[in-house]
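What follows is each chain in one-letter form.
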Amino acid sequence: MVQHRQTASNLQHRQPIAHRMLRGILDRGNASAAYLFVGAPGLGRLEAAHWFGLGLVCDTRGGASKPCEECEACRLGVANHPDVHEVHKTQGRSSLGIEDVRTRVRERLSRRSYTGSRKVVIIPDAHRLTPAAQNALLKTLEDPLGESTVLLLVPGSGYLLPTVRSRCVVVPFRNPGLKAFEEQIPSELPSHQMGAKELFLLSGGDVGAARRILADDEGSKWNQHRQLIDDLSTDVLSPVQMTRWADHLPTDPEEAETTIDSLTLVLRHLADATCVSKRQYAEAVDVLVRAGEMIRSNANRRLTWEICLIKLRDILRETYNISTLD
Ligand SMILES: [Zn+2]
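Residues numbered from 1 in each chain as written. Predicted model: local features only at pLDDT ≥ 70, side-chain atom pairs only at ≥ 80, totals over all residues.

Visitor: How do you make sense of the overall build of the chain when you look at a structure like this?
Guide: For the chain, the count of helices and strands is 15 helices and five strands. Considered along the principal axes of its C-alpha atoms, the chain spans approximately 70 × 45 × 30 Å. Expressed as a percentage of its 326 residues, the buried residues of the chain come to 36%. By sequence separation, contacts in the chain at least 24 residues apart represent 75% of the contacts at least 6 residues apart. (Helix = DSSP H or I, 4+ residues; strand = E, 2+ residues; numbered from the N terminus. Buried ≥ 20, exposed ≤ 12 C-beta atoms within 10 Å, placed from the backbone. Contact = placed C-beta atoms within 7 Å.)

Visitor: Could you clarify how one ought to interpret the environment of Gly195 in this entry?
Guide: Here Gly195 shows up in the loop between helix H8 (178-184) and helix H9 (196-203). C-beta crowding within 10 Å serves as the criterion here: with 15 such atoms nearby, Gly195 is assigned to the partly exposed category. C-alpha separation for the pair Gly195 and Lys221, spaced 26 residues apart in sequence, amounts to 14 Å.

Visitor: What should I look at first to understand the pairing of strand S3 (residues 119-123) in this one?
Guide: The two faces of a sheet get side chains in turn, since along a regular strand they alternate between them. Of all the five residues making up S3, five are buried; the element is thus mostly covered by neighbouring parts of the structure. Side chains Lys119, Val121 and Ile123 of S3 all project onto a buried face; the interleaved residues Val120 and Ile122 project onto the opposite face, where all are buried too. Sheet topology places strand S2 (residues 84-86) next to S3; three bridges connect them, and they run parallel. In the strand pairing of S3, Glu86 is matched with Ile122. (Pairing = 2+ DSSP bridges.)

Visitor: Would you mind showing me how to read the sheet that holds strand S5 (residues 169-172) here?
Guide: Paired through backbone hydrogen bonds, the strands of a sheet run either parallel or antiparallel to each other. Here we have five strands laid out as an open sheet, ordered S2-S3-S4-S1-S5, and parallel in their pairing. Because the sheet does not close on itself, it has two edges, and the strands there are S2 and S5. Here the strands of the sheet are splayed against their neighbours by 20 degrees on average, with no regard to which way each runs. Of the strand pairs in this sheet, strand S1 (residues 34-38) and S5 are connected by four bridges, and their pairing is parallel. Residue pairing in the sheet places Val38 in a bridge with Pro172 of S5. Sitting on the sheet, helix H5 (residues 98-110) touches S2, S3 and strand S4 (148-154), and the angle it makes with S3 is about 170 degrees. (Axes fitted to C-alpha atoms, helices over the stretch in contact; angles between N-to-C directions.)

Visitor: Explain the nonpolar core to me, please; I cannot follow it from the model alone.
Guide: Note on soluble globular proteins: their nonpolar side chains tend to be buried together. Among the nonpolar cores identified, the biggest contains 47 residues, and Leu36, Phe37, Ala48, Ile123, Leu151, Leu152 and Leu153 are the most heavily contacted of them. Among the elements that take part in this core, helix H3 (residues 45-57) stands out by supplying seven residues, more than any other. The residues touching Ile123, leaving out its near neighbours within four places in the chain, are Val87, Val150, Leu151, Leu152 and Leu153. Ranked by size, the runner-up nonpolar core spans 30 residues in total, among them Phe200, Ala210, Ile213 and Leu270. (Core = buried A, V, L, I, M, F, W, Y, C linked by C-beta atoms within 7 Å.)

Visitor: Quick question: what am I supposed to make of the domain arrangement of the chain here?
Guide: Think of interface size as the accessible area that goes away when the parts come together; that is how it is often given. Taken as a whole, the chain is organised into domain 1 (4-172) and domain 2 (217-324). Just the C-alpha atoms count here: the centres of domain 1 and domain 2 sit 36 Å apart. (Domains from an automatic or database assignment.)

Visitor: When you look at the environment of Lys66 in this model, what are you seeing that I'm missing?
Guide: You can see Lys66 is positioned in the loop between H3 and helix H4 (72-80). Residue class for Lys66 comes out buried when judged on the 25 C-beta atoms lying within 10 Å of it. Separated by 211 residues in the primary sequence, Lys66 and Ser277 have C-alpha atoms spaced 52 Å apart.

Visitor: Is there a simple way to explain the packing of helix H12 (residues 239-248) against helix H15 (residues 301-316) in this structure?
Guide: Relative orientation and spacing of two packed helices are given, respectively, by the angle between their axes and the distance between those axes. Running from N to C, H12 and H15 cross one another at 130 degrees; their axes reach a closest spacing of 8 Å. Between H12 and H15, the interaxial angle falls into the category oblique. For H12 against H15, the interelement crossing comes out right-handed. Every residue of H15 that contacts H12 at Met242, Thr243, Trp245, Ala246 and Asp247 is listed here: Arg302, Trp305, Glu306, Leu309 and Ile310. Classifying every residue of the contact of H12 with H15 by side-chain character gives six nonpolar, one polar and three charged. (Parallel < 35°, antiparallel > 145°, perpendicular 65-115°, else oblique. Left-handed = near helix turned anticlockwise from the far one by under 90°. Nonpolar A, V, L, I, M, F, W, Y, C, P; charged D, E, K, R; others polar.)

If you want it as structure tokens, here you go:
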């Protein structure tokens, strides 16, 4: 059964600003054509988008707060409602292109509403829209087709063209802050090699995500990546070992991105602990960002990782101060 009330209460607790904004829009019934849900993954943006999206098509007449959980639309839910669509990138593709916007966003919004309600499109990875796709989307936003609303979820508003941003109402999803996070994190943390701060960064401040990281192998991945950076910095890897590492790093663009994020966090941790200098940190992150771009553009991924590791080693090995490591 639907649990929209629970979602609303979670949202109110974790993201009071976003909740207040969205609640107000549902109560007044004056939705705009586009909203930008801005915040790091793990802050509850998708849950909020589902709740808000359903609230937009809820047809309660009794004055109950939307989504009411009672009407037909609410019983159908986001996954089954014919006027609510979630648009993901096609499997195997790293971006959402112009065709995706034309056929899966614009075409759907141009259809007549099945239930007479507003039509809603949710794009959970809107930061993966190519500039051409964003321009195609802009046409829809500038000239909304009937009663329709597009929800774009992005980690930061800078991922979208200014022309698109300016058409959207921004709904901010804020990090809860390290202190609040530390008060809530599970007690098993001290036994883990990852510190509270790393876990905070890795989980986007989301306690639920943090628990999942601790429970599954994300934690061990962190330790692996920490080991890799340590080995590169102390220059103890033979060429064969370097190649082996490169072979083990992911070639799937999305997984590669997660690995790059994780390696960046390890580096930030080391920079905070002054094991590496700010300059080394900046140069190393630059190398990782470039590697990510190469992998996304279908360059030879193994070779890209190998070159990336060699560059990281050359940057990090200079003045790495192993004695200050905890
Ligand atoms: Zn309803």
